[in-house]
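Each chain, written out:
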Amino acid sequence: MTSLKQTEEKWRKKWEKAKIFEANPDPTKQKYFITFPFSYMNGPLHVGHGFTATRVDALARFKRMQGYNVLFPWAWHWTGETIAGASERVKNGDETLIRAFREMDGVSEENLKKFVDPVFMAQYYTDDSRESVKRIGYSVDWRREFTTTSLYPTFSKFVEWQTERLRKKGYIIKGTYPVVWCPHDQSPTGDHDRQTGEGVVPEEYTLMKYRMLDGTFLPSGTFRPETIYGITNIWINPEVDYVKADVNGEKWIISQTAATKLKEQQKTVKILDTFKGREIIGKQFTSPFSDRKMLILPGWFVSPDNATGVVYSVPAHAPFDWLALRDLQNNPDLLKDFNIDTETVKQIQPISLITVEGYSEYPALELVDQLQVKDQHDPKAEEATKTLYKKEFHGGILKQICGKYAGKQVNKVKDLLIQDFKEQGIADQMYDLPESVVCRCMTPCVVKLLEEQWFIKYSDEKWKQKTKDTLAQASIYPNSARQWFLNIIDWLKEWPCARKSGLGTPLPWSPGWIVETLTDSTVYMAFYTINNHLKKHCITAEQLPPEFFDYVFYGKGESKKLSDQTNIDPKILKEMQNEFQYWYPLDMRISAKELLPNHLTFFLFQHTALFPDNLPRAVGVNGMLSIEGKKMSKSKGNFITLKDALNQFGADATRCALLLGGEGMNDPDWRKETVGDVKGKLRGFQNLAYNIIDNSKQQKTGHLETWLTSMLQHRIKIVTENLDALKTRTALENALFEVWNDFRWYMRRAEAFDSKILKEALETWARLLAPFLPYMCEEIWSKLAHTDFVSLADWPVYNPKQVNVEAEETENLVKNVLEDTSNILRATKMAPKEIYYYSAASWKWKAYLIALKKSTTGILAVGTLMKELMADPELKPVAGKVAKFAKGITQEINRMPEDMKHKQLQIGALDEATLLEQAEAFFGREFNAKIHTYREDDEQIDDPQRKAGYAKPYRPAIYVV
RNA sequence: GCGGGGGUCGCCGAGCUAGGUCAAAGGCGCAGGCUUCAGGAGCCUGUCCCGUAGGGGUUCGUGGGUUCGAAUCCCACCCCCCGCACCA
């Protein structure tokens, strides 16, 4: 007996030898180009990749069988900093990571040592993963395989072309943006590189510049610059270190930490003096909008780490300010140390500047009372602040006191106001982190204004609009993902497209920058269409100037001239151009939903920009696989590599288990136990198939054969439709289980499986399953005496002519009678000796059909129905019975779905008595009893309990003894 | 907080965009039976509750509402998952 592994191996070799998945342009065939986003090679492929990729492959195989010329290529992503980072961590002896490599990925000690070289690591995982991709049976054209980065120079040339062209179109711009920055690493610190502070982003404060009497500025950070109209004083923490510094030529007083921060934000900071906050408390200052002199007061709640450490006070609208002021007014002792006149402080009145529904003139006061906040140190102060901020931001209207902004809603006018203030020179800005962020290297991070960065201008409104058009013309599976795309397109802004470190392609026009990973992976599918030629003809990177790609992708220039330039044969150039034109646009791209907000949307954007005549036709999105109900995580040990799954369960079971897990955007779950069950199930299928092949030799063409063929048509239809809609789970569920149930029922009814029809049905069945479990299906296909591959066999086509509604309804009748009888036996707990079936009298059928007909043309009501029935000479004599019967069926028929009515009308009167008679042997077998069947209106009827009268069409009466 | 997807009879999951054939498909698990030169095979039945005649009762996150009729439509609320940018 050959093992599963050997069988897989055998077919894989045959496929490879026959090159059946190598796709070349063929103008006589319709093409289908489908891709899976190349995966990042800092680890082996896992079952999560397997889930998405199996959907891709199932679709590829399905389309191939339908006669499409299918191209399914594969490549590997090496770009970025993660591989380099991991390699670095191995070098530094990071035990957790090393253990993960060793235990999860199964890397040998010897290879592990070589992981200090990032390239080795990437190559190792690429080779390892390629093996898995082959073993699981993906129908890939490997001639087009490549890896990214400058280590694959021809691809790098493609990326150069891509970025150059984007730049030419004005989609790549230079800019300065705030980032979370590690002063030690001298690089931005992304979420994954953080020890603490995940998800923290820089926030922009507006610095309102208040002037002291000597001309020194007190820049006070705020998110609510509109409140400047309600300022009463400034808070300084007396215990904290402040500096006086020369900042861009002005004298500023700020906290010491703020001074350090500002240095990273394009400000020249020269510290002139350092002192405790208390030293300036009691001094006076003015607001830019008035000459009113105000006081600097002590505020212990002020944090030096928050913006500038200088806070201006708006007690009417800021709970903290009110509390701090109240504390001083109620407790003048606090002022003792500061040489401040307590009376002056007591006279400070809140100034109201915002009207907000549901609050009085001084919302902060009201809220503090409501929440019973004790003082500025009470944690409830924070809550009050947040509540009020939200309320005033969304619903607040500025009052008369706010000059030209009066009457405006706060959230509508805020941006304008900031801009105005900056232009007037009374405001500046500063970035800061709302929570502390610490880098993996344990250095606390700051905000840095990174200069001269390269960005992709996803913020471009026209580009956004065009990308929406791209989306509109594409099919999206499931369609509910479409709205998500739209939101992301709107939400995207400038994307930094180059980095200083890691693997990748150098930015052609700016040395030192490397094209970032989400940018070099947006349109690379175009590269697949020519890479086979590049490899075959040993074309080098030097031969690939941008003009080359312009020629291939845009048909620009002349092959002859380009040939002179590149030293590539014009014929080959033409061939590549043709091949690109043949395959593009992409017909389908499928990914997990985590890539939707970035990769997939970028993919749409860039195709819109670079390939406007070749826009992607469809995008499929699926959920994310969890393991044993929990999120997959390598570091937590909750991780299954594709290789492990294949070793344990084989390719077919792995594929099926993955696909049966879920579809749409639902997150499927990988459960070891379930996969094992699936494997057992598949073996059962195989046994059944072999059994059929060995035994199905008799030519039979009875009712049951008609039924089986008919049912199969529905299965074909539903599997095809669902695959077309990328509903892989439903498709497989029907192809495997529903078809199986049909076979079961057939065999149960026929009591033998020697009919040739089974083998014919199996031919269809194997083909329906081939996209899902290709190895087993090839094996069965060959045992069915086929010499070709099932992978290339014709996909079964739904044939309405083979649908036989009557056969189906007959079997439904049998099933219903079987069920009703069982139910009676269960309820009565009888062991039957004899069972009597009585089919409905012919007058009932007549009345029933009339009622059915009536209900399809209008409203069915007992009264009108009776009138019609009584016009019939056959029914009139039994008027009493008809009336009773009509009442019952009217109710029943009115609840029946339309298509069922039509079906029954199409069939007309069933000869139930004969059908039941024919099934007597079957019922007898099932119930181990003697079966009698009569017509209700039979003269010779044997009806000891007078049950026959209960008979209805499709519902024979039953009597059990 | 914002955006997206969800909450269905032990588990996984259909159905819910077009309300009635829905006690609600299918798979798994479990229980009982059959079959079997016992093998993690196959077949049948059952698996919300009740029931000595094919039936009845109570269910589809919670609470309301619309309707002759709601898992399906409307409103409010609760809970879970995913994404939210210099990162693959």
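Preceding this paragraph is the structure being described.
Cut-offs and rules
- Residues numbered from 1 in each chain as written.
- Chains lettered and ligands numbered in written order.
- Predicted model: local features only at pLDDT ≥ 70, side-chain atom pairs only at ≥ 80, totals over all residues.
- Heavy atoms only, no water.
- Helix = DSSP H or I, 4+ residues; strand = E, 2+ residues; numbered from the N terminus.
- Rg over C-alpha atoms; globule rule 2.2 N^0.38 Å.
- Buried < 20%, exposed > 50% of the residue type's maximum accessible area, 1.4 Å probe, protein only.
- Contact = heavy atoms within 4.5 Å.
- Areas by Shrake-Rupley, 256 points an atom, 1.4 Å probe, with all protein chains shown as cover.
- Lys, Arg positive; Asp, Glu negative; His and termini not counted.
- Charge placed at Lys NZ, Arg CZ, Asp CG, Glu CD.
- Disulfide = S-S within 2.5 Å.
- Pairing = 2+ DSSP bridges.
- Expected span 1.5 Å × (residues − 1).
- Polar contact = N/O pair within 3.5 Å; in protein donor to acceptor, adjacent residues only side chain to side chain.
- Near = heavy atom within 4 Å.
- Nonpolar A, V, L, I, M, F, W, Y, C, P; charged D, E, K, R; others polar.
- Axes fitted to C-alpha atoms, helices over the stretch in contact; angles between N-to-C directions.
- Parallel < 35°, antiparallel > 145°, perpendicular 65-115°, else oblique.
- Left-handed = near helix turned anticlockwise from the far one by under 90°.
- Phe/Tyr/Trp six-rings, centres within 6.5 Å; stacked < 30°, edge-to-face > 60°.
- Lys NZ or Arg CZ within 6 Å of the ring centre and 35° of its normal.
- Salt bridge = Lys/Arg side-chain N within 4 Å of Asp/Glu carboxyl O.
- Arc of directions from axis to C-beta.

A. Representation of the overall build of chain A within the structure. The helix and strand tally for chain A stands at 33 helices and 33 strands. Relative to the globule expectation of 30 Å for 961 residues, the C-alpha radius of gyration of chain A, 39 Å, shows a markedly less compact shape. Burial statistics for chain A: of 961 residues in total, 54% are counted as buried. Sequence separation of 24 or more characterises 76% of the internal contacts of chain A that already satisfy a separation of 6 or more. Carbon and sulfur atoms make up 49% of the accessible area of chain A, which amounts to about 42600 Å² in all. Of the side chains in chain A, 128 bear a positive and 127 a negative charge, and the two mean positions are spaced by 2 Å.

B. Examining the state of the cysteines more closely. Enumeration according to the criterion identifies zero disulfides in this entry. Cysteine Cys777 remains unbridged, with the sulfur of Cys656 as its closest cysteine sulfur at 8.4 Å.

C. Examining the sheet that holds strand β28 (residues 626-627) more closely. The strand order β29-β28-β30 describes an open sheet built from three strands, whose pairing is mixed. The two strands at the open ends of the sheet, each matched to only one other strand, are β29 (630-631) and β30 (669-670). Strand direction decides the pairing type here: β28 and β29, joined by two bridges, are antiparallel. Looking across to β29, one finds that Ser626 is bridged to Lys631.

D. Expanded view of helix α27 (residues 805-828). Taking 1.5 Å as the rise per residue, α27 with 24 residues should run 34 Å; its terminal C-alpha atoms sit 34 Å apart, in good agreement. Taken residue by residue, α27 has Val805, Ala807, Glu808, Glu809, Thr810, Glu811, Leu813, Val814, Val817, Leu818, Thr821 and Leu825 as its buried positions. The backbone nitrogen of Glu806 lies 3.1 Å from a side-chain oxygen of the residue at the head of α27, namely Asn804. Directly beyond the C-terminal end of α27, a positive phi value near 55° is found at Lys829.

E. Structural context of the protein's contact with RNA strand B. Of all residues adjacent to RNA strand B, which total 63 residues, the nearest are Tyr40, Gly190, Trp495, Arg499 and Glu733. Taking the atoms of RNA strand B that fall within 4 Å of the protein, sugar and phosphate contribute 64% of them. Residue Thr82 places a side-chain N or O atom 3.2 Å away from a sugar or linking oxygen belonging to RNA strand B. The contact in question runs from a phosphate oxygen of RNA strand B to an N or O atom on the backbone of Gly190, over 2.3 Å. Broken down by element, the residue count for the surface near RNA strand B peaks at seven residues, all from helix α24 (residues 728-750). Residue composition of the surface near RNA strand B, by class: 25 nonpolar, 18 polar and 20 charged.

F. Up close: the packing of helix α29 (residues 862-870) against helix α30 (residues 879-894). Between α29 and α30, whose axes approach to 10 Å, the crossing angle comes to 140°. Accordingly, the angle class assigned to the pair α29 and α30 is oblique. The interaxial crossing formed by α29 with α30 has right-handed handedness. In this structure, α29 contributes Val862, Leu865, Met866, Leu869 and Met870 to the contact, and α30 contributes Ala879, Val882, Ala883, Ala886, Lys887 and Thr890. Taken together, the residues of the contact of α29 with α30 sort by class into nine nonpolar, one polar and one charged.

G. Inspection of the packing of aromatic side chains at higher detail. Per the counting criterion, the structure on display carries 79 aromatic pairs. A centroid spacing of 3.8 Å and a plane angle of 5° characterise the contact between Phe38 and Tyr524, whose relative ring orientation is stacked. Here Phe38, found in the loop between β1 (31-35) and β2 (39-40), pairs with Tyr524, found in the loop between β25 (514-515) and α16 (525-536); they are 486 residues apart in sequence, far enough to count as distant. The exposure classification of Phe38 matches that of Tyr524, with both residues buried. A centroid spacing of 6.2 Å and a plane angle of 20° characterise the contact between Tyr838 and Tyr934, whose relative ring orientation is stacked. Taken as a pair, Tyr838 in strand β31 (residues 834-839) and Tyr934 in strand β32 (residues 930-935) lie far apart in primary sequence, 96 residues in all. Tyr934 shares its class with Tyr838; the two are buried. Against the face of Trp15 rests Arg61, its NZ or CZ located 4.7 Å from the ring centre.

H. Structural view of the pattern of salt bridges. Enumeration over the complete set of coordinates arrives at 52 salt bridges. Residue Asp460 pairs with Lys457 through a salt bridge whose shortest N-O separation is 3.6 Å. Judged by its relative accessible area of 18%, Asp460 is buried. Judged by its relative accessible area of 26%, Lys457 falls in the partly exposed class. The residue Arg715 makes a salt bridge to Asp742 at a minimum N-O spacing of 2.7 Å.

I. Main features of α29. All of the buried residues along α29 are Leu865, Met866 and Leu869. When α29 is viewed along its axis, its buried side chains cluster within an angular range of 100° and face the same direction. Elements that come into contact with the buried residues of α29 comprise α28 (842-857) and α30.

J. Main features of the pairing of strand β5 (residues 172-182). For β5 and strand β21 (residues 446-456), the ladder comprises nine bridges, and the chain directions are antiparallel. Bridge pairing in β21 places Ile172 opposite Ile456. As defined by bridge partners, β5 adjoins strand β6 (residues 187-188) across two bridges and the pair is classed as antiparallel. Within the sheet, the bridge partner assigned to Trp181 lies in β6 and is Pro188. A loop of four residues connects β5 with β6, the two strands running antiparallel in sequence, and Gln186 in this loop sits at a positive phi of about 55°.

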